[in-house]
Each structure stands twice: as C-alpha cells, then as structure tokens.
Amino acid sequence: MGKNTFYITTPIYYPSDKLHIGHAYTTVAADAIARYHRLNGKDVFFLTGSDEHGQKIERVAKERGKTPKEYVDGIVKGFQDLWQKLDISYDDFVRTTEERHYRVVQDIFREIYEKGDIYKGEYKGWYCTPCETFFPETRLVDGNCPDCGRPVEVLQEESYFFRMSKYADRLLQHIEANPEFIQPTSRRNEMVQFIKGGLEDLCVSRTTFDWGIPVPIEEGHVIYVWFDALTNYLTGIGYLDDKEMFQKYWPADVHLVGKEIVRFHSIIWPIILMAAGLELPKKVYGHGWLLFDSDKMSKSKGNVVDPVVLIDQFGVDAIRYFLLREISFGSDGNFSWEALVGRINADLANDLGNLVHRSSAMMKKYYKGVVPEPGPERPLDAALREDAANTRRKLVSLMEELDLSTALATIWRFIGSVNKYIDEAAPWALARDESKGDELARVMYNLAESLRVISLFIYPFIPSTAKEIWARLGLDDELTDHLLGQARWGEMPPGTVIRPGSPLFPRIEDEKPPAKAPEAPQKEAIPEVAIDEFARMDIRLARVLEADRIAGADKLLKLKVDLGGEERQIVAGLAQHYRPEELVGKDVALLANLKPTTIRGELSQGMVLAAAAKDGRVRILTVDEEMPAGSKIR
Ligand code: MSP
C-alpha cells in the first residue's frame, strides 16, 4: 500500500493586482483534485498562498503611495475572499511576508551556501521585472523578454549565484527515470530540451531594491523572488516548526501550475531541493490557459474577467463547472460569454437540472416521494447499473491522470444515459398499468440511486450542488464522509423520502454580458383567434430521421424529417435542450406550412413545436402512441 496522504499545491499568486478568472482556474482545479482524494479516503493537505516580494510589487505599491506591505495586505485579503466564494477547501495559506516563511527561506539558502552550491559573483545581464526573471542575452527576442515580449532592463551587481549547472545531469536522469515527474508529456519534452541546451548558474540575490527576504549571510542583499516563492511549499507543511507534519506530507504529490511556470517548478525547484538534500516532488503538472476570445487575458489588453462578478451572477458551481470543463487536459480553453451560457444551459440546467427535477417529480407523483423497494432487474435496468460502475472506474483513472475535463465529460455522459433510461423505461406508461408495479418500482429506485451516485461523482467539481442533491435525496449523513469506493450501486436505502426543490440551475435567457441590463419582460395580451384562422395552420406529425449540430450555432439543430413520404429539412432551436441522437426516431409536431426560410445558411421548411416552461426547460410535443408520419394535428 502506498502512503495514505496526498499533498497538493497551487502556485502562490502575485498580489500586484486582483485575480482574474484565469488565475482562479489553477486553484479551482487544485480544489477539485483535493476534494476527490478526500472523498477517496486520503489524508489531504492542500496549500495555496501569495507571492508578495519582488521589484514589481515594490513599484506598484509606490505608485499607489503605500508601503509594499500595506498594499499587499488589501490585495491578499481579496484573494482569500475570492477563495471562500469559490468554495476552495485549502488547508493553509502561506504569505511570503510571514515570519515562518522568512526563517525557512533563510535556512535553505544558508544550507546550500554552506555546502558550496551558492557562491558570490558579479551579475551582468538582463532582467524582466513583470516576469521577475533573468535572461541571458542569447534568449532575448528583438531585445525584449522572450516570455512576455516586454522590454528588459540591464542589470549589473554583486550577487550570489546558485550552481544549477552542476545538477543538470542528475536532473535529466531523474526526469528520464520518472516519466510521471513532469506532465503532460509535451511539457516534459520541452523541459528535457531546455536542460539539454545547458543550464547556467542562477543569480539568487539582488541589491538594487530591498522588498524581499534578506540574504542571511550578507546585509544589503535580498533573496531572488522565485527562490523565496518556491520554498513556500516547504513552509506550509512545517519544514522547521513541525518535523512530524513535514515527514508526513513531503514530498508533495502534485505541484499544479500554469504552463508558463513549469520551468521554475521542474528545473529550479528540484535543483534547490537536491542541493538542500530533500526529496523531489512526485509530480509537476502544467495546465493550459484560459484564453479570452482566443487571446491571453491580461490587464494591459483590457480583457480580464473578474471572477467575483461572474460568481455573483451565475453562482459558484456554474463557474467551477465551466472552468473545469472548458480547459481540456493539457491544452488551452476559451472564455466567451456564449461558451459560459451554453455550458450552463445545456449541461447544468438541462442535463443535470432536468434529471433531478424529473426524477423527484415522478417519485412524488408515483410514490409520494418515498423511494420504493426495487423490483427485479430487467436488461435495461442492469445496463444502467453497469454503466454507473463503468463510469466510476473511468472516473478513478481519469482523476489519477488529472484529466479533469474528460472526467466531467464522462460523468455527463452518464447523466445523459440516465435521461435516456427515463425515456426508454417510460415510467409514465408503467404507472398506467397496474400489472407493471414491480417494473415501475425498479425504475424509480434506479433513478434515486443514479442521483445518489451522481452526487458522489460531481462532488469534487461542484460541491454545493452535490450536497444539495444529497440533501434532497433525504440522505441524512454527510456526503463528504462517503468514500468514492461506495459509489457502488444499490446503497440507496428504500423508504428514504425525496424532497423536490426549485431548479438547481435556472436557464440563462439573456445571453449578453452582464454590463448590459436585461430588458424588462413585456407582457402582451394574446388576442383570440377564430377556428378558421387556426385551420390555416398545417400542423402535422413528422418523424425525425436525422439530427445534427450546426457548426458555429450552439442553439440550432438541423433535422431531416419524414412527413409521410415527403422529406424535409428543418432548423430547430433545440440544441440546448436535446442532444441530436435523442431526437432521432421521435415523432414531433411540425408547423408544415410555415414559409420556408434560410437560417445560418441552412434551409428550414417548417417549425417544430415545443412547450417552453418559465424555468427555461423546453420539451418537444409528441404523441403517446405510434402514429403514421404526416398525420394531421387538429
Ligand atoms: N507568483 C508566481 C508563482 C510562484 S509559485 C512558487 C506566479 N503568479 S501569478 O499570479 O502570475 O500566476 C499564478 C497562476 O495563475 C499560474 O499557474 C498561472 O498559469 C495562472 N494563470 C494566470 N493566468 C491564467 C490564465 N489566463 N489561464 C489559466 N491560468 C492562468 O506566476
């Protein structure tokens, strides 16, 4: 058995400004991983913090007429408020200005100095202040920073150097012997190339400003901000103050970082640890970025999105879900208003929200809300049980790989299967037939059980929704006590009372950025019509033969229907309510003599009729028994 602890960290953020939604991504992802391991029975330690030193912070504070500490205190408070709003379950928060951290950084610095791997020399070179990074002349791009493209400054000073070059071979060997150490593989390959290109000794002190941790050996020098920051991963688990705790959690299981700082975590940090005689972290994982309309978010481009505004408008779980689903394993994702609203409406309001709503409403109708003793399993019921077991297995392996987006896609595929199970099992039909009591009881039990299992699956990602569903299921113990291993089928106790509730995720109808105030809804009196006016409508039953999405139109589906010997193409605004495959084979009510039109370049010869509820749900009209396609609806 491996150890039962799990230590995960986020980068510590620069309090030069408030955080945007891109920063929130790293922390939300780390939180989902931490919660997953807790649910799995691990003793988890989850660390985050703030990286408060360095020239940039010193300058920004000065511009605002504050001391650096006064300035960062306000910003760091904002970080902590944001994490609370985002339901981040961190165990400790290291501020690099804390005394406990000073001691650790100075201790490590002195230790490496005494071993001879930090030495004094003269630094002459280039420095990018926004990135707090030194670059040799050869790496500059048109004389600018190779990472951010901004101007660099020339720097000449007496400095301390860290003998990185000495460790290059050892580090390469470690990377080669431990394929899991840097992930995903593409980043690992980049790092291997980088090290093979040769490592220069690193300048680890500065004398031109003093907002930093003093070099313990000589006054007037402060420690390089990355040396200071990386060491927070030791501070947070009691490196000097609680040896037992340190032994328990070190080495870290995962340092989760954005792709642009993988280099610091997989080259500088391991070499600091080697030089200090400490074990290396098990994994450095470099995730992709959240782009804004395909561009990097940055204050200077004016395209930053404030997470607080989004949470206030859509709720915390909608934002957590969006972030974790939209950035796929190892690559970049895109933030756009349409993508966010699309995810909320299709995945949360429709797939999950509807499932909860339909299931609890039927339970109330057929069993007064009390989960029945299940009848025997038919093949359709067994298939659902097996689907749940497969989903759990896949989820476990995807979470081990930190593939959060595919993990969510896998859960949502299961949610889709449960919705389909309802359609196929048709409990409303079973309820009409007294001889089908056992079948109905099995179907309704399975729905309650599916919701229980789904709560466990989604808990790491959207914990408050998971807890809400859990509570509505009438399960009185705490969801968080449940091991994921217990997401096994059949643990829902019959006799439990299910409580319906308001929609978990109301649909977003106003698909515009929040800056634009929603228009007041207009209430118009609907005039009466005469029967002959109604008779002018040729409404007929159409069988859906094919259904496809339309590229670039996230609300529309293109249908091919049979009107009884006549085939037509219809463009219907159903994409956020139905997956294409759910519609194929269905008989729908079609307004057949609507004037043909072209929508998004596609011919539409009619309109599918559907019921639209106030809470945003939309369901098609169909018949309750097989009828010939083309039948007139009167
Ligand atoms: N202070 C350093 C980290 C030191 S760790 C010992 C730092 N801070 S940061 O505030 O600039 O960034 C912190 C994290 O936010 C990084 O993981 C970075 O990748 C992440 N993100 C910042 N913008 C982002 C996006 N637009 N999208 C996803 N993550 C992004 O670097």
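Residues numbered from 1 in each chain as written. Predicted model: local features only at pLDDT ≥ 70, side-chain atom pairs only at ≥ 80, totals over all residues. Heavy atoms only, no water.

Trainee: Would you mind going over the packing of helix H2 (residues 55–63) against helix H3 (residues 68–85) in detail, with residue names and values included?
Mentor: Packing of H2 against H3 leaves a shortest axis separation of 8 Å and a crossing angle of 95°. The orientation of H2 with respect to H3, classified from their angle, is roughly perpendicular. Facing Ile57, Glu58, Val60 and Ala61 of H2, the residues of H3 in contact are Pro68, Tyr71 and Val72. (Axes fitted to C-alpha atoms, helices over the stretch in contact; angles between N-to-C directions. Helix = DSSP H or I, 4+ residues; strand = E, 2+ residues; numbered from the N terminus. Parallel < 35°, antiparallel > 145°, perpendicular 65-115°, else oblique. Contact = heavy atoms within 4.5 Å.)

Trainee: Any details on the site of the ligand? Residues and values, ideally.
Mentor: Around the ligand, a shell composed of 22 residues is seen, among which Ile12, Asp51, Gly258, Glu260 and Leu290 lie nearest. A distance of 3.1 Å separates a nitrogen atom of the ligand from a polar backbone atom of Gly22. Take Glu260: an N or O atom from its side chain is 2.9 Å from an oxygen atom of the ligand. Against a free-state accessible area of 670 Å², the protein chains account for coverage of 95% of the ligand. (Near = heavy atom within 4 Å. Polar contact = N/O pair within 3.5 Å; in protein donor to acceptor, adjacent residues only side chain to side chain. Areas by Shrake-Rupley, 256 points an atom, 1.4 Å probe, with all protein chains shown as cover.)

Trainee: Summarise the confidence of the model for the protein; cite the residues concerned and give the values.
Mentor: Mean pLDDT over the protein works out to 92, with 97% of the residues at or above the 70 mark. Here residues 515–525 scores under 50 on pLDDT; set against residues more than four positions off or in separate chains, the count is two contacts. (pLDDT = per-residue confidence, 0-100.)

Trainee: Tell me what's going on with the packing of aromatic side chains, and back it up with residues and numbers.
Mentor: Summed over all chains, the structure comprises 26 aromatic pairs. Between Trp226 and Phe264 the ring centres are 3.9 Å apart and the planes differ by 10°, which places this aromatic pair in the stacked class. Taken as a pair, Trp226 in helix H7 (residues 225–230) and Phe264 in helix H10 (residues 262–275) lie far apart in primary sequence, 38 residues in all. The pair formed by Trp226 and Phe264 is uniform in burial state, with each residue classed as buried. Members of the aromatic cluster, connected to one another through ring pairs, are Tyr7, Phe45, Tyr233, Tyr239, Phe246, Tyr249, Trp250 and Trp269. For the cation-ring pair, Lys243 lies above Tyr239, with the distance from its terminal atom to the ring centre recorded as 5.1 Å. Over the ring of Trp289 we find Lys259; its NZ or CZ atom is 4.6 Å from the centre of that ring. (Phe/Tyr/Trp six-rings, centres within 6.5 Å; stacked < 30°, edge-to-face > 60°. Buried < 20%, exposed > 50% of the residue type's maximum accessible area, 1.4 Å probe, protein only. Lys NZ or Arg CZ within 6 Å of the ring centre and 35° of its normal.)

Trainee: Account for the environment of Asn354, naming residues and giving values.
Mentor: Its place among the elements puts Asn354 in helix H13 (residues 337–367). Put simply, Asn354 and Phe505 are 151 residues apart on the chain and 9.2 Å apart in space, counted from C-alpha to C-alpha. Excluding residues that lie within four positions of it along the chain, Asn354 makes contacts with Ala349, Arg617 and Arg619.

Trainee: Account for the side chain of Thr5, with residues named and values stated.
Mentor: In this fold, Thr5 is placed in strand E1 (residues 5–9). A polar atom in the side chain of Thr5 sits 3.4 Å from the backbone oxygen of Lys248. When sequence neighbours within four positions are dropped, the list of residues in contact with Thr5 reads Lys42, Asp43, Lys248, Tyr249 and Asp253.

Trainee: Provide a residue-level description of the pairing of strand E2 (residues 43–50), including the pertinent values.
Mentor: The buried count for E2 comes to seven of eight residues, which makes it a mostly enclosed element. In this structure, E1 lies alongside E2, joined through five bridges in parallel fashion. Bridge pairing in E2 links Phe6 to Val44. Tracing the backbone out of E1, into helix H1 (residues 21–39) and back to the parallel element E2 gives a crossover that is right-handed. Two elements, E2 and strand E3 (residues 92–95), share four bridges in a ladder whose sense is parallel. If you follow Leu47 over to E3, its bridge partner there is Asp92. (Pairing = 2+ DSSP bridges. Right-handed = clockwise from strand over helix to strand, strands pointing away.)

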